[in-house]
Every structure is written in structure tokens, then in C-alpha cells.
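Residue-level structure breakdown
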Amino acid sequence: MSSDPQRSDTAHLAASDGSGASGSPLDSGSRSIAGEEAAMLLLIASLAEQFNDHQIRDDARSAAERIAEGRFYVACVGQFKRGKSTLLNALIGEPILPSGVVPVTSVPTILRFGEDYGARVRLDSGEWTEIAMAEIEQYVSETQNPQNSKGVAALEVFVPSPLLAEGMCFVDTPGLGSVFAGNTAATHAFIPHIDAAIVVIGADPPIAGDELALVETVSKQVPDLLFVLNKADRVTEAERTAAISFARHVLETRLRRPIPYIFEISALEQLARSSSQREWARLVDSLALLAQQSGHQLVRDAADRCVRRLSSQLFRMVKEERDALTRPFEESERRIGQLRQMVAHAEQCLNDLAHLLSGEQQRLSNTFADRRHLFLKSVHEAAHRELDEALKSLPQTAGPRYRRSAMKAAQDVGRLHVMPWLESEKGHAEEAYRRIARRFADLANDFLSRVRSFGIELAYLPKEVNAEQDFRTRSAFRFYEFIEVAMPASPVRYVADLVLGSIRAHAALDADAREFLDLLLQTNSERVRNDLEQRVTESRRHLEAEIRSMLRELNGVAERALTRARSAHATGSIAVDSSLKRLADAETELAPLTGAHAALMERS
Ligand SMILES: Nc1nc2c(ncn2[C@@H]2O[C@H](COP(=O)(O)OP(=O)(O)OP(=O)(O)O)[C@@H](O)[C@H]2O)c(=O)[nH]1
Ligand SMILES: [Mg+2]
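First, a word on scope: everything that follows refers to the structure included in this document. Since we're looking at a predicted model, the values are computed, not measured.

1. A few points about unusual backbone geometry
Located in the positive-phi region is Lys81, a residue other than glycine, with phi close to 70°. The topology assignment puts Lys81 in the loop between β1 (72-77) and α3 (84-92). For Arg504, which is not glycine, the phi dihedral falls at a positive 60°. Looking at the secondary structure, you find Arg504 in the loop between α13 (491-502) and α14 (506-525). For Arg504, a relative accessible area of 55% puts it in the exposed group.

2. So, the site of ligand 1
Among the 21 residues in the neighbourhood of ligand 1, the closest are listed as Lys81, Lys84, Thr86, Val104 and Asp233. Here an oxygen atom of ligand 1 and a side-chain polar atom of Thr105 are 2.8 Å apart. About the coverage of ligand 1: the protein hides 92% of its 650 Å² of free accessible area. Looking at the shell around ligand 1, the elements that each hand over two or more residues are α3 and α8 (267-271).

3. Considering the sheet that holds β1
Strand order in the open sheet formed by nine strands is β4-β3-β5-β2-β6-β1-β7-β8-β9, with mixed pairing between adjacent strands. Edge positions in the sheet fall to β4 (128-131) and β9 (262-264), since each has one partner strand and no second. The average undirected angle you get between the axes of adjacent strands in this sheet is 25°.

4. Brief notes about the nonpolar core
Formed by 72 residues in total, the largest nonpolar core has its most connected members in Leu87, Met168, Phe170, Ile198 and Leu287. Not counting residues within four places of it along the chain, the set of residues in contact with Leu287 comprises Val74, Leu91, Leu163, Met168, Phe170, Ile198 and Leu226. In this structure, Phe368, Phe375, Met407 and Tyr433 belong to the second largest nonpolar core, which totals 56 residues.

5. Quick notes on helix α2 (residues 54-68)
Taking 1.5 Å of rise per residue, the 15 residues of α2 would be expected to cover 21 Å, and the 21 Å separating its terminal C-alpha atoms lies within 8% of that figure. Across the 15 residues that make up α2, a large majority, 12, are buried. Here α2 has its buried residues at Ile56, Arg57, Asp58, Asp59, Ala60, Arg61, Ala63, Ala64, Glu65, Arg66, Ile67 and Ala68. N-capping of α2 is provided by Asp53, with a side-chain oxygen placed 3.3 Å from the backbone N of Gln55. Of the residues one or two after α2, Gly70 is the one with positive phi, at around 70°.

6. A look at the coordination of the magnesium ion (ligand 2)
Of the protein atoms, only Ser85 (OG) and Thr105 (OG1) coordinate the magnesium ion (ligand 2), at distances of 2.0 to 2.1 Å. One end of the pair, Ser85, is in helix α3; the other, Thr105, is in the loop between α3 and β2 (109-113), with 20 residues separating them in the sequence. Looking at Ser85, the relative accessible area reads 7%, which means it is buried. You can call Thr105 buried: its relative accessible area is 9%.

7. Some words on the packing of α2 against helix α9 (residues 280-326)
At a minimum axis distance of 10 Å, the contact between α2 and α9 shows a crossing angle of 160°. On the basis of the axis angle, α2 is roughly antiparallel to α9. Considering only the axes of α2 and α9, their crossing is left-handed. Between α2 and α9, the contacting residues are Ile56, Asp59, Ala60, Ala63, Arg66 and Ile67 on the first element and Val299, Ala302, Ala303, Cys306, Arg309, Leu310, Gln313 and Leu314 on the second. In terms of residue class, the contact of α2 with α9 is built from 10 nonpolar, one polar and three charged.

8. Focus: the packing of aromatic side chains
Within the structure shown, the criterion is met by three aromatic pairs. Arranged with centres 5.0 Å apart and planes meeting at 65°, the rings of Tyr261 and Phe263 form a pair that is edge-to-face. Taking relative accessible area as the criterion, Tyr261 reaches 25% and is therefore assigned partly exposed. Lying across the ring of Tyr139, Lys150 places its NZ or CZ 5.5 Å from the centre. The cationic tip of Arg371 hangs over the ring face of Phe368; the distance from NZ or CZ to the ring centre is 5.7 Å.

9. Regarding a nonpolar patch on the surface
Taken together, Tyr494, Val495, Leu498, Val499 and Ile503 make up a surface patch of nonpolar side chains, about 470 Å² in accessible area. For Val495, a relative accessible area of 48% puts it in the partly exposed group.

Calculation rules
- Residues numbered from 1 in each chain as written.
- Chains lettered and ligands numbered in written order.
- Predicted model: local features only at pLDDT ≥ 70, side-chain atom pairs only at ≥ 80, totals over all residues.
- Heavy atoms only, no water.
- Helix = DSSP H or I, 4+ residues; strand = E, 2+ residues; numbered from the N terminus.
- Buried < 20%, exposed > 50% of the residue type's maximum accessible area, 1.4 Å probe, protein only.
- Near = heavy atom within 4 Å.
- Polar contact = N/O pair within 3.5 Å; in protein donor to acceptor, adjacent residues only side chain to side chain.
- Areas by Shrake-Rupley, 256 points an atom, 1.4 Å probe, with all protein chains shown as cover.
- Pairing = 2+ DSSP bridges.
- Axes fitted to C-alpha atoms, helices over the stretch in contact; angles between N-to-C directions.
- Core = buried A, V, L, I, M, F, W, Y, C linked by side-chain atoms within 4.5 Å.
- Contact = heavy atoms within 4.5 Å.
- Expected span 1.5 Å × (residues − 1).
- Donors = N, O, S within 2.8 Å, 3.2 Å for Na, K, Ca; no water.
- Parallel < 35°, antiparallel > 145°, perpendicular 65-115°, else oblique.
- Left-handed = near helix turned anticlockwise from the far one by under 90°.
- Nonpolar A, V, L, I, M, F, W, Y, C, P; charged D, E, K, R; others polar.
- Phe/Tyr/Trp six-rings, centres within 6.5 Å; stacked < 30°, edge-to-face > 60°.
- Lys NZ or Arg CZ within 6 Å of the ring centre and 35° of its normal.
- Patch = residues over 30% accessible without salt bridge, like charges linked within 9 Å, V, L, I, M, F, W, Y side chains within 5 Å.
- Salt bridge = Lys/Arg side-chain N within 4 Å of Asp/Glu carboxyl O.

The following block contains the structure:
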């Protein structure tokens, strides 16, 4: 098998030269299957080249290369700022990937084995180019390559990490849910390439709606998912336990499969080589085991998916072009006109829906604001009476200690009143959310049925959107305790409290506790409304992004087919005949590919 012609010959690539012979984890049987699959992918690449589809060509080439070499992709995914890049840096033992407090990663970045450190980048338009390690940030960070304006198609970093020596590659992905929608889109676009995943969750919130949706999509595609709770150093044990049990419940409900383990780690501590290990060793062992035991299978599954995905994508494109050429020209024009109308109509629907939903959202928000207002009014007197009783029974100890006890009393009273109310409000919020989710689903299904009525088959087009499954699951509310207010870390506050205690001015501390109780009641009771607003907004963004990306694909395929048909017709009947012959040949080559591939899988 020859290596990808696009590859540059450099020292750090020596360990994996594209032949699959050196450093490859594949045994000889697997290697020959991988070789045949890689050959199919190269055939797809050359057909895509003929039809000028550079996206399919490049995808097929790099898939052929990694399959021949026995490489598989373990993607690190999750909400922005979960510490994904830091975690991968800790796994390879070097701070190579940029990380920081603002959204950082803007381009999926592949970490693969190399005997020496090195990096290479491929821009949308071109060939692989070697870059210095210090230059990586220029291509993958939001500050230096905002929304991937440099057009990075792929970036690979070579690292001599033993964990990667068996073909496992880590992929750092841009975080979901930040203000940079392009980052979320870049991660979604990478999904088809994911062979296994490390899902990074946090403590607050443990898992968000868009994360859950992504994990669900990945989980339908691949079986191996590892779950990690990062930043364990930042939260108390009680918060970690609560976060893990919440995340597990939500994930198991949504994915409909057990989540056997969630590793509690701190990537930052690990990178700083702190003595605190938490469950780091266990995580590393699981990854090593994944590479050893499942590596071959993951590569073969990846090959299977790539051949199916790319051959059917190309097949559709070829069919669209052939149809555009064979139909009477006017009919093609009419069809494109109808398509454009449909796209415009769908855009109009999206705009109308946005208005409709924001009105609905506002009404919902007002309803929940009124309910909260009534709750606060009804509870204020009793809660303050209970707090006063509790304060009266407190021993008049030294100021700082008295403050802690008084604040704790406020938390206890606040929790007692807010939690039952939150529980009952949750039911109302759920009902309201379902109503809105059903409207979303109706709109999406209406759109999908229109698309199908044109006889158009789109890649990854869902059969239908399900209000129950495709939107965010139920929320759980924890009482927010404001530890930073209850136990202020300020030395000035400490001294002032000492003075207040020593002059027996405990009443001043009582006043703080009363104020604190109001803060607890007000903030915690606001959570239902905030959460509902967030869920509705997330679902709406999710749906709009999905529909827009379908529209883009729909437009792209049809417009390209029309342009080619036009230019062939303009050149004359000989050009049309020769295009038709090329398309028919391509169809003949592509059609048996899936069948040949299925047979190959059976044989293995
Ligand atoms: N305390 C603590 N901070 C951490 C930990 N892991 C990462 N961080 C910090 O969290 C911030 C975000 O880390 P990144 O690695 O950039 O997070 P990311 O998920 O890659 O972010 P995006 O690329 O924007 O999606 C940085 O300031 C890290 O230093 C951890 O385990 N503990
Ligand atoms: Mg990152």
C-alpha cells in the first residue's frame, strides 16, 4: 500500500510511514483487511478528485492513511472550559496544547505517536506543512485563529508518548456552548471521525444540554466512552458526589446504557506533578487497556464507517449530477427553483419561529416570575421568624465563629423553605418546556417531510425529530449555599467580626444573617426560571443549527449539480454525453463498494 501522496517525509513520521508496517498494532490478518479497506478509500478519493469534491477526497485520503497505519481517534469532548486540553496535556505529560480561562481551542487537534516531537498543519486549500511546536497555538487557539479563520483542515502533533504507541490518537476538540458558535460547529463536524471518546464533565453544572446531545450522538456511533469529572480539586467531596450521581442519572436515562464509572481527577494537579493522584492511574490504565484490547476493532469499525459514509456521500453526489444531466434542462431548472423556494421558505419558517418562540419564552418567563414573587411573599415572614428563633438559641461565641453559626442557620432555614417549592415548580417547568419542545419538533418534522417530498436523500438527515429525546432532559436543582458569603475568606472581615464579638455586638451579625437569608431565598427561587430559559434557548439554538446545516448541504449539492449540468449543456451534446459516461462509470465503481465491503467484513 502506498502512502498518502500528500504526506511530507520527515524524521518524526518515520515510526509511522503510512505502510502500516512499522509501529503498527495490526496483525497480518487485520493488516490485509485494513489494506483492502484503505484501497477502497483511495478509490473513493480518486473518484472524488475526478468530480472536484476536495472535501470527500481529503477525508478519504486521511482515513485510508490512518486505517493502513492502525490509528484510531479517542476524542476529548465536553463543554468549553472543562479542562479538555489540560487533560490531554497531562496524559501526554507536556503542556503542548494551549489552555486558558477564556474559550481556547478552535480547531480539532490530533495527538499521535512520533519518535520525536513535531507538528504539521493542512489548510483547506493545500498540502501538509511542517510547523514548529511553538506555532501550534497560532492555528488552534481562538485568540490567534478566531473561528478557524485561517481555514485549518487538520492539525497533527507528534508526541513520543507510550500511551499512543499502539495506534491510539487523542483528539482535542473545541468546547461546546461558548459564545463562539463556530467552536461547537467544528466539534460537531468532527463527530464522524470519532472512534472512542473521553467525555469531560464538571461539578457545576455537571452536564449541559448540548453536551448531552453530543454524547448521545457519539454514543450511537461508538461503544467506548470514558467519563471523567475534572477539576476535582475545586469542589468539596459532597459536591463531587452530588455531581457524579446527577450526571450518571442523566446520562443513563438519555443514552439508555449503564455508565459504569466516572473518574474523579484534576488535570491541573496532574500536569503540575502534584502528589495528589485521585483516580488518575485508573484513568490511564483504562486508556491503555482500550488501546490494547479494542484497538484493532476500533480501527476496523472506523474503516467500515468511513467507507460507508464517504461512498454513500459520493454516490449521492454522482446521482444528483446524473439526474441533473439526464432530466430535461427545464425540469432541472424548475427543480432547483423549487429547492431554492423551499430553502427560502425554511429560512422564513426559522425567522417566524424565532419570533413566535421568543414571545412564548417571554410569556413563560413572566408566569414563572409571578409564581416566584408569590412564593417569596408567602414565605418571607415564616422564614424570618424561624431564623430569629434559631439565632436566639445560638451561644454568643467569638465573632467569626458566631458568624459561621448564624450563616449556617440562614442556609438551613432557606433550604427548608426553598427545596420543596423548587421540587413542585420543577413539575410545572417540565410541562411548560415539553409544550415548547413539541412545537420545535413539529416545525422540524414539517421541514423534513418537505425535504423528503423532493426525493432528496441527505447525509445524516434524521427521520424525525423527537420532542422527548432530542431536547434537553429534566433538570435537577441543588440548593446553592453561597459558601463564599457564609464563610468569607477576607482577613478584614475576620478582624471586624472579632471586634464585634468582643464588644458583644452580635446583633450586627444577626442582621447579616437575615440579609443572607433573603439572598438565599431570592437566588435559589430564581433558578427555575433561569433554568427554563436556558433550556429553551439551548434547544432552539440546537434545532436552528441542525436545520441550517441541512439547508447548506441541500443547497450545496443541488447548486453544484446544476452548475455542472449548465456548463455541460452549454458546451454541447458531446460534453453532456461524456459527463454522463463518467458519472455512469463512477456509479458502477461505487455501487459494489458497499457490497464488497460487507463481504469483507463477513469474511473477517
Ligand atoms: N483547578 C483546576 N483548574 C483546571 C483543571 N483543569 C483545567 N483547569 C483550568 O481550567 C481552565 C480551562 O482549561 P482548558 O484546558 O483550556 O479547558 P478546555 O476544556 O480545553 O477549554 P476550551 O478549549 O475553551 O473548550 C484553564 O485555566 C485550566 O488551567 C483542574 O483539574 N483543576
Ligand atoms: Mg481546549
